[in-house]
Amino acid sequence: MTSVIGKETARPITPHSILVAELQKTLQLAQESNIPAEILDSLRQGVQLAAGLDPYLDHYTTPESSALKALAHKTSKEDWGKRFSDRATVRQLEQEMLSGHLEGQTLKMFVHLTKAKRILEVGMFTGYSALAMAEALPSDGELIACEVDPYVAQFAQDCFSESPDGKKIIVEVAPALETLQKLAARKASFDLIFIDADKKEYIAYFQLILEHDLITSEGLICVDNTLLQGQVYLPPEQRTANGEAIAQFNALVTADPRVEQVILPIRDGVTLIRRVA
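Calculation rules
- Residues numbered from 1 in each chain as written.
- Predicted model: local features only at pLDDT ≥ 70, side-chain atom pairs only at ≥ 80, totals over all residues.
- Heavy atoms only, no water.
- Helix = DSSP H or I, 4+ residues; strand = E, 2+ residues; numbered from the N terminus.
- Buried < 20%, exposed > 50% of the residue type's maximum accessible area, 1.4 Å probe, protein only.
- Polar contact = N/O pair within 3.5 Å; in protein donor to acceptor, adjacent residues only side chain to side chain.
- Contact = heavy atoms within 4.5 Å.
- Expected span 1.5 Å × (residues − 1).
- Bend = angle between axes of the 7 residues up to and from the residue.
- Pairing = 2+ DSSP bridges.
- Right-handed = clockwise from strand over helix to strand, strands pointing away.
- Axes fitted to C-alpha atoms, helices over the stretch in contact; angles between N-to-C directions.

Enquirer: Mind showing me how you'd approach the side chain of Glu147 here?
Expert: Looking at where Glu147 falls in the secondary structure, it is placed in strand β2 (residues 142–147). Taking the relative accessible area as the measure of exposure, Glu147 reaches 2% and is therefore buried. A distance of 3.3 Å separates the side chain of Glu147 from the side chain of Arg91, its partner in a polar contact. Polar contacts involving the side chain of Glu147 include one to the main-chain amide nitrogen of Asp149, which spans 2.9 Å. Glu147 has contacts with Arg91, Gly123, Met124, Phe125, Val152, Ala153, Val171, Glu172, Val173 and Ala174, leaving out every residue within four places of it along the chain.

Written out as structure tokens, the structure is:
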């Protein structure tokens with residue numbers, strides 16, 4: 001997912017942050033070698049341009065609320081490795097899974113622009129994106145968040161209780177596909193759907209949403225991690241299982257005549273999808 005409290009994490013996890021790290025490594029190697037000055041100057045300029053982008057975007061994006069900042073801070077302080085080894089969580093988690101400031105404010109803007117009143121979040125983690133979107137909902141709005149892990153679901157709900165907007169969020173603790181099927185059986189529909197769960201199930205989420213009209217005719221589907229560390233456009237042999245799953249998802253969406261879509265290079269990639277047929 002992203003930076004935790006508006007600053008880049010130590011481990012590069014997005015295409016851009018990985019590129020910055022590679023450029024910095026190349027510059028260091030060049031400085032230790034007998035490289036012509038003009039090449040070093042060019043490399044320094046490249047590093048400066050690349051490394052300055054994320055901090056600039058962060059600085060000139062509307063600040064996160066105090067509730068979101070507190071949630072991000074609490075997430076960053078949690079020992080997720082220990083929680084998994086102690087079997088408190090059902091899968092290995094890490095603070096980088098948080099959506100973070102820039103993406104949170106982007107999602108919040110989408111809620112405002114679409115005038116959404118009902119939102120479905122497929123995959124919640126500690127609730128940063130859920131709370132960011134809930135802050136943009138009207139007082140009678142509702143967000144249903146799917147989360148498979150009871151520990152992080154409770155972690156998120158504790159954070160939600162500290163915000164006046166937390167009461168708009170309903171957390172469903174179960175595998176996302178199971179919750180989607182239950183919602184489909186109830187003929188539920190949503191104005192905005194944010195997908196950020198098991199990457200290998202993205203195609204199943206997408207197909208179920210369209211086939212059961214879980215998204216309204218004018219609704220917006222937002223899908224996270226659709227650039228997945230750049231793996232989707234690197235050679236297939238350089239992809240992880242998740243990278244291959246996202247590459248297949250992107251290809252399927254592109255070929256589907258029922259929708260049109262655009263990939264935004266925000267953080268780890270966010271795809272916007274709307275139904276046209």
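Right, picking up where we left off after that structure.
Enquirer: Honestly, the environment of Asp149 in this entry has me stumped. Any pointers?
Expert: Tracing the chain through its elements places Asp149 in the loop between β2 and α7 (150–160). Overall, the relative accessible area of 0% leaves Asp149 in the buried class. Apart from residues no more than four positions distant in its own chain, Asp149 is found in contact with Ala88, Thr89, Val90, Arg91, Leu93 and Val173. Here Val90 takes part through its backbone nitrogen, which lies 2.7 Å from a polar atom of the side chain of Asp149.

Enquirer: Got a minute to help me understand unusual backbone geometry in this structure?
Expert: Apart from glycine, the bulk of residues carry a negative phi angle, and the bulk of peptide bonds sit in the trans form. Backbone geometry places Lys115, a non-glycine residue, at a positive phi of 55 degrees. When you line up the elements, Lys115 lands in the loop between α5 (100–114) and β1 (118–122). With a phi angle near 55 degrees, Phe125 is a residue other than glycine that sits in the positive phi range. Relative to the assigned elements, Phe125 resides in the loop between β1 and α6 (128–136).

Enquirer: In this structure, what is going on with helix α2 (residues 37–59)? I would like to understand it.
Expert: Owing to its 3.6 residues per turn, the α-helix aligns residues three or four sequence positions apart on the same side. Relative to the 33 Å expected for 23 residues at 1.5 Å per residue, α2 spans 33 Å between its end C-alpha atoms, a close match to the ideal helical length. The principal kink in α2, of about 35 degrees, is found at Leu53, preceding the proline Pro55 by one to four residues. Residues of α2 that are buried: Leu40, Leu43, Val47 and Ala50. Looking at the buried residues of α2, the elements they touch are α1 (15–31).

Enquirer: Looking at this structure, I do not really get the pairing of strand β3 (residues 169–173). What am I missing?
Expert: The side chains of a regular strand alternate between both faces of the sheet. In terms of strand pairing, β2 meets β3 through 5 bridges, oriented parallel. In the sheet register, Leu143 faces β3, and the bridge partner there is Ile169. A crossover connection joins β2 to the parallel β3 through α7; in handedness this β-α-β unit is right-handed.

Enquirer: Help me out: how do you make sense of the sheet that holds β3 in this one?
Expert: In a beta sheet, neighbouring strands pair by backbone hydrogen bonds and run either parallel or antiparallel. Overall, mixed pairing links the 7 strands, which are arranged β3-β2-β1-β4-β5-β7-β6 in an open sheet. The open sheet has two free edges, formed respectively by β3 and β6 (259–264), since each of these has just one partner strand. If you compare each strand with its neighbour and ignore which way they point, the axes differ by 15 degrees on average. Relative to β2, β1 runs parallel, the two being bridged by 5 bridges. The residue bridging Leu120 from the neighbouring strand is Ile144, located in β2. α6 rests against β1, β2, β3 and β4 (190–195) of the sheet, and its axis sits at about 170 degrees to β1. Contacting β2 and β3, α7 crosses the sheet at an angle of about 170 degrees to β3.

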